[in-house]
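# A closer look at the structure
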Amino acid sequence: MPEHEIYALKYAGPLESSGAFLMWLKDWEQVEERNYYIWCVKGGQETVVVDTGVSPDLAMEKNLTGYVNPAEVLSRIEVDVREVRHVILTHIHWDHASGASLFPKATFCIQEREYHFWLKDRIAERPPFEHVSDKRTSAYLASLEKTDRLALLQGDHEILAGIECLLAPGHTVGLQVVAVSTATGIAILGSDCAHVFRNYREDWPSALIVDLVEWMRTYEKLRLKAPSIDLLFPGHDPIMSENYPEVAEGVTRLV
Ligand SMILES: [Zn+2]
């Protein structure tokens, strides 16, 4: 089995909010920081990028603090977005998917359930869902339907040797995490299945819940899959930038 390396690339932040955003219904009075990340898996035959970050246009509209074009951050570890062939989209929230058009040759792996919800279910047009998505991203992903640049997965699926997408709903209807075989065992890029490490450690989700019961089942599933809770990585925790070796500006090696 290939032993991959995993990199966290910060493309925006820090942003501040009530702690209740990161720990559902707790810590209202605390102010907590979060960063915005994409991830890169190297060491196998192919480089795989997990999530795309935010497009420059949308970052400008949202006045996103500390924003750097994800293409620029990837270039710091010798990854050229114009050449990337494999992108896994964990879910279709704007901060994870709106940079998709930065990857002109990539095939996007998305759970079919996630894709259908955001692109075909009219509930996704209602205000709470519109708030966390982006119409241009949905239109871009719709334009890829029935082409070889879109791979819709139905549940758990190994897309390359040692890189497996796992259906992990709760935060969205069809969020997927990425289980990666590494030298220290299976590490899980969990994206917003947890905003911060504390979510996994305290068995307590973050905000933006679509299904709390499913979310708790997902935590069980991921804990069974990874050999250690230290190998479950969250979506927005600044600790990913602070406690791991920095290999380039804004880029740390997690495993
Ligand atoms: Zn999200």
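So, about the overall build of the protein. The helix and strand inventory of the protein stands at nine helices and 13 strands. Computed over its C-alpha atoms, the radius of gyration of the protein comes to 17 Å, within 12% of the 18 Å expected for a compact globule of 255 residues. For the protein, the C-alpha atoms occupy an extent of roughly 45 × 45 × 35 Å along the three principal directions. When burial is assessed residue by residue, the protein has 53% of its 255 residues classed as buried. Across the protein, the fraction of contacts at a sequence separation of at least 24, relative to all contacts at a separation of at least 6, is 66%. As presented, the protein carries roughly 11,300 Å² of accessible surface, and 50% of it is formed by carbon and sulfur atoms. A distance of 4 Å separates the average location of the 24 positive side-chain charges in the protein from that of its 38 negative side-chain charges.

To continue, consider the layout of surface pockets. Considering only enclosed or pocket space, the largest pocket measures out at about 260 Å³ in volume. If you trace the largest pocket, you find it lined by Trp 118, Leu 119, Lys 120, Asp 121, Ala 124, Glu 125, Glu 130, Ser 133, Asp 134, Lys 135 and Ser 138. In terms of residues, the lining of the largest pocket owes the most to one element, helix 4 (residues 112–120), which gives three residues. Each residue belonging to the lining of the largest pocket can be placed in one class, and the counts come to three nonpolar, two polar and six charged. In this structure, the second largest pocket spans a volume of roughly 220 Å³. Every residue lining the second largest pocket is listed: Phe 21, Arg 34, Tyr 36, His 93, Trp 94, Asp 95, His 131, Val 132, Asp 192, His 195, Leu 208 and His 236. Of all the secondary structure elements, the ones that give two or more residues to the lining of the second largest pocket are strand 2 (31–42) and helix 3 (94–97). Class assignment for the residues of the lining of the second largest pocket results in five nonpolar, four polar and three charged.

A few words now on the coordination of the zinc ion. Around the zinc ion, the protein contributes the donor atoms His 91 (NE2), His 93 (ND1), His 171 (NE2) and Asp 192 (OD), at 2.2 Å from the metal centre. Each donor residue of the zinc ion belongs to the same chain, with the gaps between them written as H-x1-H-x77-H-x20-D. A residue pair is termed long-range when its members are at least 10 positions apart, and His 171 in the loop between strand 8 (163–167) and strand 9 (176–182) and Asp 192 in the loop between strand 10 (185–189) and helix 7 (197–201) qualify at 21 residues. Using a relative accessible area of 2% as the deciding quantity, one classes His 171 as buried. We classify Asp 192 as buried; its relative accessible area is 2%.

It is worth spelling out the pairing of strand 10 at this point. Side-chain positions along a regular strand alternate between the two faces of the sheet. Where strand 9 meets strand 10, five bridges bridge the pair, whose relative direction is antiparallel. Paired with Ser 181 across the strands is Ile 186, a residue of strand 10. Connecting strand 9 to the antiparallel partner strand 10 that follows it, the hairpin turn spans two residues. Where strand 10 and strand 11 (residues 232–233) come together, two bridges link them in parallel fashion. Looking at the pairing, Leu 189 lines up with Phe 233 of strand 11.

An order of 6-5-4-3-2-1-13-12 is seen for the eight strands of this open sheet, with the pairing classed as mixed. At either end of the open sheet lies a strand with only one pairing partner, and these are strand 6 (150–153) and strand 12 (246–248). Between one strand and the next, the sheet's axes are offset by a mean angle of 30°, whatever the strand orientation. As judged from the three bridges shared by strand 4 (residues 86–88) and strand 5 (residues 107–111), these two strands associate in the parallel manner. Bridged to Val 87 within strand 5 is Phe 108.

A word on helix 6 (residues 135–143). By the burial criterion, the buried members of helix 6 are Thr 137, Ser 138 and Leu 141. An end-on view of helix 6 places all buried positions within 100° of arc, on one side of the element. As for helix 6, its buried residues are in contact with helix 3, strand 5, helix 4 and strand 6.

Turning to the nonpolar core, a few remarks are in order. Leu 9, Leu 74, Phe 103 and Phe 108 are the most contacted members of the largest nonpolar core, which has 41 residues in total. Taken together, the elements giving at least two residues each to this core come down to strand 1 (5–18), strand 2, helix 1 (56–61), helix 2 (70–75), helix 3, strand 5 and helix 4. Among the elements that make up this core, the one with the highest residue count is strand 1 (five residues). Ranked by size, the runner-up nonpolar core spans 23 residues in total, among them Ile 159, Val 180, Ala 187 and Leu 189.

Rules of the game
Residues numbered from 1 in each chain as written. Predicted model: local features only at pLDDT ≥ 70, side-chain atom pairs only at ≥ 80, totals over all residues. Heavy atoms only, no water. Helix = DSSP H or I, 4+ residues; strand = E, 2+ residues; numbered from the N terminus. Rg over C-alpha atoms; globule rule 2.2 N^0.38 Å. Buried < 20%, exposed > 50% of the residue type's maximum accessible area, 1.4 Å probe, protein only. Contact = heavy atoms within 4.5 Å. Areas by Shrake-Rupley, 256 points an atom, 1.4 Å probe, with all protein chains shown as cover. Lys, Arg positive; Asp, Glu negative; His and termini not counted. Charge placed at Lys NZ, Arg CZ, Asp CG, Glu CD. 1 Å grid on protein atoms, 1.4 Å probe; cavity = no way out; pocket = protein on both sides within 12 Å on 5 of 7 lines; lining within 4 Å. Points joined across faces, edges and corners; volume = space filled by probe spheres on them. Nonpolar A, V, L, I, M, F, W, Y, C, P; charged D, E, K, R; others polar. Donors = N, O, S within 2.8 Å, 3.2 Å for Na, K, Ca; no water. Pairing = 2+ DSSP bridges. Axes fitted to C-alpha atoms, helices over the stretch in contact; angles between N-to-C directions. Arc of directions from axis to C-beta. Core = buried A, V, L, I, M, F, W, Y, C linked by side-chain atoms within 4.5 Å.

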